[in-house]
Amino acid sequence: MKVYMDNNATTMTSPEVVEQMVPFFSEIYGNPNSLHKFGTQSRPALSRAIDQVYKAINASDKDDIVFTSCATESNNWVLQSVWIDKIVNGDKNHIVTTEVEHPSVLSTCKFLEEQGVKVTYLPVNEEGIVEAHTVKSFITEKTALVSIMWANNETGMIFPIKEIGEICKAKGVLFHTDGVQAVGKIPVDMQDVHVDFMSMSAHKFHGPKGIGALYIKDSQELTPMMHGGSQMGGRRSGTLNVPYIIGMGKAIEMATENIEEKMASISAKRNRLEDALLKVIPETFTVGKREHRTPNTILISIRGVEGEGMLWDLNKFDIGASTGSACASEDLEANTVMLAIGADHELAHTGIRLSLSRYTSDEEVDYVIEHFTEAVTRLRAISSSYAIVKPTKGGEAAECHIPAHH
Ligand code: C6P
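What counts as what
- Residues numbered from 1 in each chain as written.
- Predicted model: local features only at pLDDT ≥ 70, side-chain atom pairs only at ≥ 80, totals over all residues.
- Heavy atoms only, no water.
- Domains from an automatic or database assignment.
- Contact = heavy atoms within 4.5 Å.
- Buried area = accessible area lost by both parts, 1.4 Å probe.
- Salt bridge = Lys/Arg side-chain N within 4 Å of Asp/Glu carboxyl O.
- Polar contact = N/O pair within 3.5 Å; in protein donor to acceptor, adjacent residues only side chain to side chain.
- Helix = DSSP H or I, 4+ residues; strand = E, 2+ residues; numbered from the N terminus.
- Buried < 20%, exposed > 50% of the residue type's maximum accessible area, 1.4 Å probe, protein only.
- Near = heavy atom within 4 Å.
- Areas by Shrake-Rupley, 256 points an atom, 1.4 Å probe, with all protein chains shown as cover.
- Nonpolar A, V, L, I, M, F, W, Y, C, P; charged D, E, K, R; others polar.

**Student:** Is there a simple way to think about the domain arrangement of the protein chain in this case?
**Tutor:** Reports often express the size of an interface as the amount of accessible area lost when the parts come together. Taken as a whole, the protein chain is organised into domain 1 (15-256) and domain 2 (259-395). Taken over C-alpha atoms, the centre of domain 1 sits 30 Å from the centre of domain 2. Facing 29 residues of domain 1, the contacting portion of domain 2 comprises 26 residues. Carbon and sulfur atoms make up 58% of the area that domain 1 and domain 2 hide from each other, which totals about 2300 Å². The tally of links between domain 1 and domain 2 comes to zero salt bridges. Taken together, domain 1 and domain 2 are joined by eight residue pairs in polar contact (both at pLDDT 80 or more).

**Student:** Sorry if this is basic, but what is going on with unusual backbone geometry here?
**Tutor:** Both trends apply: most residues other than glycine have a negative phi, and most peptide bonds are in trans. Positioned with a positive phi, S219 is a non-glycine residue whose angle comes to about 45°. One can find S219 in the loop between β8 (212-216) and α9 (242-256). Positive phi outside glycine occurs at M232, with the angle close to 50°. The topology assignment puts M232 in the loop between β8 and α9. On the basis of relative accessible area, M232 is assigned to the buried category, the value being 15%.

**Student:** What should I look at first to understand the site of the ligand in this one?
**Tutor:** T72, D178, S201, A326 and C327 are the nearest of the 19 residues found near the ligand. Within the side chain of T72, an N or O atom sits 2.6 Å from an oxygen atom of the ligand. A distance of 2.6 Å separates a nitrogen atom of the ligand from a polar side-chain atom of D178. When the ligand is considered free in solution it has 510 Å² of accessible area, and contact with the protein chains removes 91% of it. For the shell around the ligand, the class distribution of residues is seven nonpolar, nine polar and three charged. Each of domain 1 (15-256) and domain 2 (259-395) contributes no fewer than three residues to the shell around the ligand.

Structure (structure tokens):
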């Protein structure tokens, strides 16, 4: 059996999505901006896709959706354009974000700091959530933008976006949220929150890779980063990626219809997996309360077991998991979110992210429980920082002790 449990990194593209995309490669391939039939032929499907995205997040106007190549582009666009609009050409000098944002926000903030922008990186509480009152206390007269993710990719923790939006509105500060790990996983309703900009990536909800969007409330002015042929109303130039936009539309529609039912089914499997691992493997904990998390995510820490070693063992069993963000997994650094919540370096190296999808089956959960436990037992037996007192017998968890200095 092969089990994919890294759905926060990316998801399988749904067969129904691929089916919708296929005709738009070699049959209906005209440029939608062309005036001939080859071009105009794709327009109804394009407009349906825009409808699907705007309905899925309950935006107020179709023009509030601009397609991009991915959330990294959307995040860069907002941060760099607000810098140009409000700091270079305005009287602000400050951006507020958090310590636990995705690198597409954090690296852009670092770049902006090099340009002279003041950036505040807000801390998170012991669950890994940035609290609304913390945001409030750091906004100043000079703040141009608050950029805070809706849900964290490593822990699944959901941030208080509604409260933060209210604070930003009251203070007259623009509010951007990276909605990548929220859209398609939990209800996202743009009429219920005060958010100026929200980034999305289709491949996180069973759409194709390489297509994303930026929601822009009331189509407000935002200096474009892509100048050219004035596609998307001049806000993002470049020939529209028709098949991928159509794929994103279908994927978001499928992910968000009956979302409460989907959430209940995924969280039941996630909870069963988490309960089993916590019960069978001693000295193990998971980050954050379940009710504060997206329904598919577990960040589990196993004392004495290096995350990379664990991934290697899981890989041998054909189980795909990660130690954190896929884009940071090659640098073998400690998990940044675990460090942010106060874990020491050794503990922050023990995090394993398991992220399920609506395609995860009960059999797959059983398979992971069995082989995860096996891998931990093997790795603890050879770990210098973890002494096994009593070896595993008849499927029972080993009794272990952690040296006093831990
Ligand atoms: N996180 C992960 O393993 P792109 O690559 O542009 O489609 O998405 C970037 C991105 C932005 N924000 C958040 C919250 C994300 O989780 C991601 C992608 C993956 O956690 C890959 S690094």
